[in-house]
Amino acid sequence: MHILNHIVIFTVRGMSYLFLLLVRLFSVFSRDPPCPGPPLDSLLLIPATVLAEKIRRGELRSTVVVQAYISRIRQVNSALNAVVCDRFEDALREAKSVDDLVSSGSENEATIREKFPFLGVPFTVKEAFALQGMPNSSGLICRSQLRSSTDAVVVARLKSAGGIPLGVTNCSELCMWYESSNNVYGKTRNPYNPQHIVGGSSGGEGCILGAGGSVFGVGSDIGGSIRMPAFFNGIYGHKPTSGIVPNEGQFPDAQGCRTEFLCTGPMCRYASDLPAVLKVMAGDGIKKLSLDQEVSLRKLRFFSMENDGGSIFVSHVDKELVQAQRQLVEHLERELGVTVQPVSIYNLRYSFQIWSAMMSLDGNKGESFADLMSNNSSLWPSWELIKWMFGLSNHTLPAIGLALTEKLANLNVEGNARMVKKARNLRQEISSLLGDDGILIYPSHPKIAPRHNEPIAFPFNFAYTGIFNMLGVPVTQCPLGLSQSGLPLGIQLVASHYNDHLTLALAQYLEKTIGGWRPPTGA
C-alpha cells in the first residue's frame, strides 16, 4: 500500500508538471497587452469611508469621484477585461442627485451619515449578482441575453446606503473555477502582469479593485471565490461567518447544505473599509457579530501553519509565500510582544477531499452542476468533452471537468462519509484551538498568481481556501506586498465562528504597520 501511494503521487504530480510545461511553452507565444500603469488621480487613492465623509461635508462632489473611476476603468479595462458591462451614464446621473442633496442643505451631516454611510461612493459588482438592468449570466452562453429586473439583496442594501454601482465584473463559468474566463466575456488578466490569472470566481472584481478602478465591491465565496482573487490581485477580501450576509439574488444560488457553505462578502482595496461594507451587506445579521467591540491585539492568541500538512492533491507552498508568512510572524512577535505558536492540524491535509464530500452531501441533491450548465435541459458531460475537443462546445474545459468529477464524487458514498466525519472533527478542533481570542495564520493559496491555464494542471489548489467554507468560520485575506516578480503576496487570517471582528482588526493593524494594497507599477 505504501508503494502504491508513492506510485499514485508520482503519476498525479508527473502529469501535472507535464501539463504545466506545455502551458509555459505555449505562453511564450501569447500576446497579452502590457500592464496598466498606477492610478495617478489622487481621488482614486482614498478609502471609501473617507470619500463618503468628504462627499457628505461637501468637500468633494460625487460626480467628480464617479467620473474619476469611470476614467480609470476606461484606461485599464481594454487590457484587463474586468468590467464586462457598465452603467456609467446612470452612475453619473445618480452622482448628480447626491450632489444636489448635499448642496440643498435639507438634511444635516449627521442625518445623512446615519442614512447613507456610502453616500456618492462608486462600487462594482460581480456579474453573478443581480444588478438591475445589467447582465446576470455567470459566464453561461444560454443566459447571455438575460438582464436583471431587480437587485440582489446586498446590492440593494449598498445602493440604499448611498453607493453608486458602476457596472458588473467578470467571473468563471457558473462561479466554480479559480480562473475567471468564460465563453461569454473571455478571460480577465492580472493588473500586475496580464500573463497571469486574476483568480475566481470573483476574479473580475478582484482585478478592477487591484487596478485602482474601484474602491470596494461585492463578491461571493463557496471555495475561496473572494479570497483567491483578493490574494492574486493584492487586495482585501473577507469571507464572513456563514449565515451573516444574505446570498439571495445571485446565480447560481446555493441549494441544500450548500447554503451553509456559500458566503457573500466585501472585497476592498483598504482594510479600513471592510467593517463598514460588511455592516451594510449584513443588515440585521450584523447583530450576531461584535464589529464595534474594541480589540486588544496584544491579548489575543496567535497560531501559524505554513502548509496543509502534505496533501498529495495540491502544490507545495511557494518559498516566497512561506518567507512572507514568517516575516509576518516575526513582525507580530516584535511589535505586539505576542508569541505566535506553530501548529500542525492533521486533518487540513484532507481539505480537498472534505470539500468535495461536503458538497456532495444528500442535502445537496438539487440541481447538479450539469443541470445548471444546460439551464435544466439535458447535458452529458462526457459528450460535452468530446465536443470541446473539436471546438463545438459552449462550455469551458474546467466546467466540463467539474460536471464529470461531480458524478464520480457522488459514487464514493463510503469515502464521502469518512470525510464528512473528518470535517466535523476538524471544525471542533479549530473551534477549540482558537476559542474567542485566537487567530490562525494560514496561506491563502500555495502558489503566487499562476499563468493563464495553469490551474488546469493543479485544479485542487483552491483547497487552501475551500476548507474554511466547509467549516463556516470567518476568514480575511490580507495583502503582504509584492513578490520579486512584482506579483501580490498574501495571507489568510482565520478566527472561530462569529469572531469576524478579530481578523478584521488584525487586517487593519497590518495595513497601518506593514502596508496594504500596492498599485500595479506598469513595469
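Conventions used here
Residues numbered from 1 in each chain as written. Predicted model: local features only at pLDDT ≥ 70, side-chain atom pairs only at ≥ 80, totals over all residues. Heavy atoms only, no water. Helix = DSSP H or I, 4+ residues; strand = E, 2+ residues; numbered from the N terminus. Rg over C-alpha atoms; globule rule 2.2 N^0.38 Å. Buried < 20%, exposed > 50% of the residue type's maximum accessible area, 1.4 Å probe, protein only. Contact = heavy atoms within 4.5 Å. Areas by Shrake-Rupley, 256 points an atom, 1.4 Å probe, with all protein chains shown as cover. 1 Å grid on protein atoms, 1.4 Å probe; cavity = no way out; pocket = protein on both sides within 12 Å on 5 of 7 lines; lining within 4 Å. Points joined across faces, edges and corners; volume = space filled by probe spheres on them. Nonpolar A, V, L, I, M, F, W, Y, C, P; charged D, E, K, R; others polar. Core = buried A, V, L, I, M, F, W, Y, C linked by side-chain atoms within 4.5 Å. Axes fitted to C-alpha atoms, helices over the stretch in contact; angles between N-to-C directions. Parallel < 35°, antiparallel > 145°, perpendicular 65-115°, else oblique. Left-handed = near helix turned anticlockwise from the far one by under 90°. Expected span 1.5 Å × (residues − 1).

Caption draft 1: A look at the overall build of the chain. Along its length, the chain carries 18 helices and 13 strands. Its C-alpha atoms give the chain a radius of gyration of 22 Å, near enough to 24 Å, the size a compact globule of 523 residues would have. Based on the C-alpha atoms only, the size of the chain along its principal axes is roughly 75 × 60 × 45 Å. Taken over 523 residues, the chain has a buried fraction of 58%. Counting only contacts in the chain whose residues sit at least 6 apart along the sequence, the fraction spanning at least 24 positions is 78%. As presented, the chain carries roughly 21,200 Å² of accessible surface, and 54% of it is formed by carbon and sulfur atoms.

Caption draft 2: Structural view of empty space enclosed by the protein. In this structure the tally under the stated criterion is three cavities of 30 Å³ or more. The volume enclosed by the second largest cavity comes to roughly 40 Å³. Along its surface, the second largest cavity is lined by Phe231, Val317, Leu321, Gln325, Pro443, Ser444, His445, Gly490 and Ile491. Among the elements of the structure, helix 11 (319-336) and strand 13 (488-494) are those that each provide at least two residues to the lining of the second largest cavity. Class assignment for the residues of the lining of the second largest cavity results in five nonpolar, four polar and no charged.

Caption draft 3: Molecular detail of the nonpolar core. Membership of the largest hydrophobic core comes to 145 residues, with the highest contact counts inside it found for Phe216, Phe302, Leu332, Ile354, Leu440, Phe468 and Leu506. With eight residues, helix 3 (residues 62-80) is the single largest residue contributor to this core. Phe302 has contacts with Leu297, Leu332, Leu336, Val338, Thr339, Val340, Gln341, Ile439 and Leu506, leaving out every residue within four places of it along the chain. Of all hydrophobic cores here, the second largest spans eleven residues; its members include Phe251, Ala370, Ala399 and Ile400.

Caption draft 4: Inspection of the packing of helix 3 against helix 4 (residues 88-104) at higher detail. Interaxial distance between helix 3 and helix 4 falls to 8 Å at its minimum, and their mutual angle equals 160°. Put simply, helix 3 runs roughly antiparallel to helix 4. Both helix 3 and helix 4 take part in a crossing whose hand is right-handed. Within the contact between the two elements, helix 3 uses Ser62, Thr63, Val66, Gln67, Ile70, Ile73 and Arg74 and helix 4 uses Phe88, Ala91, Leu92, Ala95, Lys96, Val98 and Asp99. Looking at the contact of helix 3 with helix 4 residue by residue, the class counts come to eight nonpolar, three polar and three charged.

Caption draft 5: Region of interest: the environment of Ile491. By secondary structure assignment, the location of Ile491 is in strand 13. Look at Ile491 and you get buried, because its relative accessible area is 1%. With 167 residues separating them along the chain, Ile491 and Ala324 place their C-alpha atoms 8.5 Å apart. Those residues within four positions of Ile491 in sequence are excluded, and the remaining contacts are Gln325, Leu328, Ile441, Tyr442, Pro443, Ser444, Thr476, Gln477, Cys478 and Leu480.

Caption draft 6: Representation of helix 11 within the structure. End to end, helix 11 covers 25 Å across 18 residues, agreeing with the expected 26 Å (1.5 Å per residue, within 8%). Every buried residue of helix 11 is accounted for by Leu321, Val322, Ala324, Gln325, Leu328, Val329, His331, Leu332 and Leu336. Of the residues trailing helix 11, Gly337 is marked for its positive phi of about 70°.

Caption draft 7: The arrangement of the pairing of strand 11 (residues 438-442) in detail. Within strand 11, five of the five residues are buried, leaving the element largely enclosed by the surrounding structure. Of the two faces of strand 11, the one holding Gly438, Leu440 and Tyr442 and the one holding Ile439 and Ile441 are both buried throughout.

Caption draft 8: Main features of unusual backbone geometry. Omega for the peptide link from Gly200 to Ser201 comes to 5°, which places this bond in the cis form. Cis geometry marks the peptide bond from Phe251 to Pro252; its omega dihedral reads 0°. Look at Ser138: it is not a glycine, yet its phi comes out positive at around 55°. The topology assignment puts Ser138 in the loop between strand 2 (122-126) and helix 6 (153-160). Non-glycine residue Cys175 carries a positive phi angle of around 60°. Mapped onto the fold, Cys175 is located in the loop between strand 3 (164-169) and strand 4 (181-182). A residue is classified by how much of its surface remains accessible, and Cys175, at 11% relative accessible area, is buried.

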